[in-house]
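Take a look at the letters that make up each chain.
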Amino acid sequence: MAKKEATPNMIEQFADFKETKGIDKTTMISVLEESFRNVLGKMFGTDENLDVILNPDKGDVQIFQNLTVVPDGEVTDPKLEISLSDARADNDPEAEIGEEHTKEIFFEKFGRRAILTLRQTLQSKILDLQKEAVFAKFKALEGQLVSGEVYQTWSRETLLVDADNNELLLPKSESIPGDFFRKGETIRAVIANVDNKNNNPKITVSRTNENFLRRLFELEVPEIQDGLINIRAVARIPGERAKIAVESYDDRIDPVGACVGVKGSRIHGIVRELHNENIDVIPYTSNDSLFIQRALSPAKVSSIRLDPEEKKAEVFLRPEEVSLAIGKNGLNIKLASILTGYTIDVYRDTDDASVDDEDIYLDEFKDEIEEWVVEAIKKAGFVTAKSVLNAPRDMLVEKADLEEETVDNVLEILRAEFEE
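In this text the structure is predicted, and so the values were computed from the model without any measurement. (Residues numbered from 1 in each chain as written. Predicted model: local features only at pLDDT ≥ 70, side-chain atom pairs only at ≥ 80, totals over all residues. Heavy atoms only, no water.)

**Student:** Any chance you could explain the sheet that holds strand 10 (residues 229–237) here in plain terms?
**Tutor:** By definition, the strands of a sheet pair up through backbone hydrogen bonds, in either a parallel or an antiparallel sense. What the 3 strands build is an open sheet, ordered 10-11-12; its pairing is mixed. This sheet does not close on itself; its edge strands, each paired only once, are strand 10 and strand 12 (278–283). On average, adjacent strands in this sheet sit at an angle of 20 degrees to one another, irrespective of strand direction. As judged from the 8 bridges shared by strand 10 and strand 11 (residues 241–248), these two strands associate in the antiparallel manner. By the bridge assignment, Ile-231 is partnered in strand 11 with Val-246. Along the sheet, helix 9 (residues 288–295) makes contact with strand 11 and strand 12, crossing strand 12 at roughly 155 degrees. (Pairing = 2+ DSSP bridges. Helix = DSSP H or I, 4+ residues; strand = E, 2+ residues; numbered from the N terminus. Axes fitted to C-alpha atoms, helices over the stretch in contact; angles between N-to-C directions. Contact = heavy atoms within 4.5 Å.)

Structure below.
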């Protein structure tokens, strides 16, 4: 009796899978039928002449084998043929030679090994379905915020587990500098990448991705959730500083004020999540020149010369504003470039008395001085030959972060130009 109950029990297990794994009924019926056919095909050599009828609601499975009726004594393949007398004895008294006879097969009669094989086949296909479902679910969620509990931390990555027990991998490279996680702690990240190599879903999450900052603002600022404020651009150096450009679709709403909140109430939570990462919120504008000026804040720009086709901008500032535009370790100008999409070169305002008509921009010396050296000096705030020659040698070494020998070589080339 136990063997006869085996098949209906598998139907009941099918219903359990449907409930717990979220696999729809139609798909599960198809999987169960495929599993039966797979096992039967191995037993009979083919499944082409087999009909598998499933009725999960009643909890039964019927299997029929379609055989060709042949004269007695002429059966060459019992898996495809049946003798006339056997067909008539099997509930078909009017069977005739050449006709098709349908014979019911009772799977449980094949023994424990066949039932075990069926179970294993079904479990394997269910597992494949689960993996495909996980991949499809998370692939559709790329870029979205997710929470997970820290399960284990290694030197190069941290394993998180979400509420549905799915595994999420947070690589060290996708963690914010200063991130330190304890087992059991719940942390947030965005789904950065989902692949399904060899039908083995791998979900990689990130806390350095720019979408992480976007999702945090969406969470903290109701106006963004409601579509009244739009995040137009994000530039971020994780753990250091970020700039975010926002615009309002309602003239009555100040987008910057709404994002910052009263006394910084909304942005403080985001800053804490990012380990005190400084965040500049600026109003977006489609005017590239004005957008670049805002992006370089707190520096005040005197004038800008744009090349929209090449996406390059030459920005002129008073001498005391140059260091503000560049920022500590060049972060401000780097973020402004990322945010606006322009390559930004900073120059001292040529209206300043320190620049005369005989001065020469450093770019003119790129044939004699390596380009990276010229760029390093320019980023330090010295854009003309005379501004370099008038600066203290030690200042050039420190601000441009160059070797003394390199600075001496530059000074020698520049002096030779004016001596000529």
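Anyway, onward from the coordinates.
**Student:** It is not clear to me how helix 2 (residues 25–44) should be interpreted in this structure. Could you clarify?
**Tutor:** What sets the pattern is the α-helix's 3.6 residues per turn: residues three or four places apart point alike. The end-to-end C-alpha distance of helix 2, which contains 20 residues, comes to 28 Å, matching closely the 28 Å that a straight helix rising 1.5 Å per residue would cover. For helix 2, the complete set of buried residues consists of Met-28, Val-31, Leu-32, Ser-35, Phe-36, Arg-37, Val-39, Leu-40, Gly-41 and Phe-44. One or two positions beyond helix 2, positive phi appears at Gly-45, with a value near 90 degrees. (Expected span 1.5 Å × (residues − 1). Buried < 20%, exposed > 50% of the residue type's maximum accessible area, 1.4 Å probe, protein only.)

**Student:** When you look at the packing of helix 9 against helix 11 (residues 331–340) in this model, what are you seeing that I'm missing?
**Tutor:** Relative orientation and spacing of two packed helices are given, respectively, by the angle between their axes and the distance between those axes. Remark: helix 9 packs on helix 11, axes separated minimally by 9 Å, with the N-to-C direction vectors making an angle of 145 degrees. For the crossing formed where helix 9 meets helix 11, the hand is right-handed. Residue-level contacts link Phe-291, Ile-292 and Ala-295 of helix 9 to Asn-332, Ala-336, Leu-339 and Thr-340 of helix 11. Tallied by class, residues from the contact of helix 9 with helix 11 come to 5 nonpolar, 2 polar and no charged. (Left-handed = near helix turned anticlockwise from the far one by under 90°. Nonpolar A, V, L, I, M, F, W, Y, C, P; charged D, E, K, R; others polar.)

**Student:** Honestly, helix 11 in this entry has me stumped. Any pointers?
**Tutor:** Of all the 10 residues making up helix 11, 8 are buried; the element is thus mostly covered by neighbouring parts of the structure. Among the residues making up helix 11, those that are buried are Leu-331, Asn-332, Ile-333, Leu-335, Ala-336, Ser-337, Leu-339 and Thr-340. Looking at the buried positions of helix 11, the neighbouring elements they touch are strand 10, strand 11, strand 12, helix 9, helix 10 (319–326) and strand 15 (343–348). Gly-341 lies just past helix 11 and shows a positive phi near 80 degrees.

**Student:** When you look at the environment of Gln-120 in this model, what are you seeing that I'm missing?
**Tutor:** Structurally, the position occupied by Gln-120 is in helix 4 (residues 112–139). Sequence-wise, Gln-120 and Val-281 are 161 residues apart; in three dimensions their C-alpha atoms are separated by 57 Å.

**Student:** Even after reading the chapter, I still don't get the environment of Ile-63, so can you show me in this structure?
**Tutor:** Its location among the elements puts Ile-63 in strand 2 (residues 60–70). Overall, the relative accessible area of 1% leaves Ile-63 in the buried class. On a C-alpha basis, the gap between Ile-63 and Phe-382 in space is 86 Å, while along the polypeptide they are 319 residues apart. In contact with Ile-63, other than residues within four places in its own chain, are Phe-36, Leu-40, Asp-51, Lys-103, Glu-104, Ile-105 and Phe-107.

**Student:** When you look at the pattern of salt bridges in this model, what are you seeing that I'm missing?
**Tutor:** Side-chain pairing between opposite charges can occur once the charged atoms of the two side chains come close. In this structure the tally under the stated criterion is 24 salt bridges. One salt bridge in this structure joins Glu-320 and Arg-318, with 3.0 Å as the shortest N-O distance. Residue Glu-320 is classed as partly exposed on the basis of its relative accessible area, which comes to 47%. Judged by relative accessible area, Arg-318 falls into the partly exposed class, the value being 45%. Across the pair Arg-393 and Glu-404 runs a salt bridge, and its minimum N-O distance is 3.3 Å. Highlighted residues: Arg-393 in helix 14 (residues 393–399) and Glu-404 in helix 15 (residues 404–419), separated in sequence by 11 residues. Residue Arg-393 is classed as partly exposed on the basis of its relative accessible area, which comes to 30%. One salt-bridge network, held together by shared partners, links Asp-179, Arg-188, Arg-207 and Glu-273. (Salt bridge = Lys/Arg side-chain N within 4 Å of Asp/Glu carboxyl O.)

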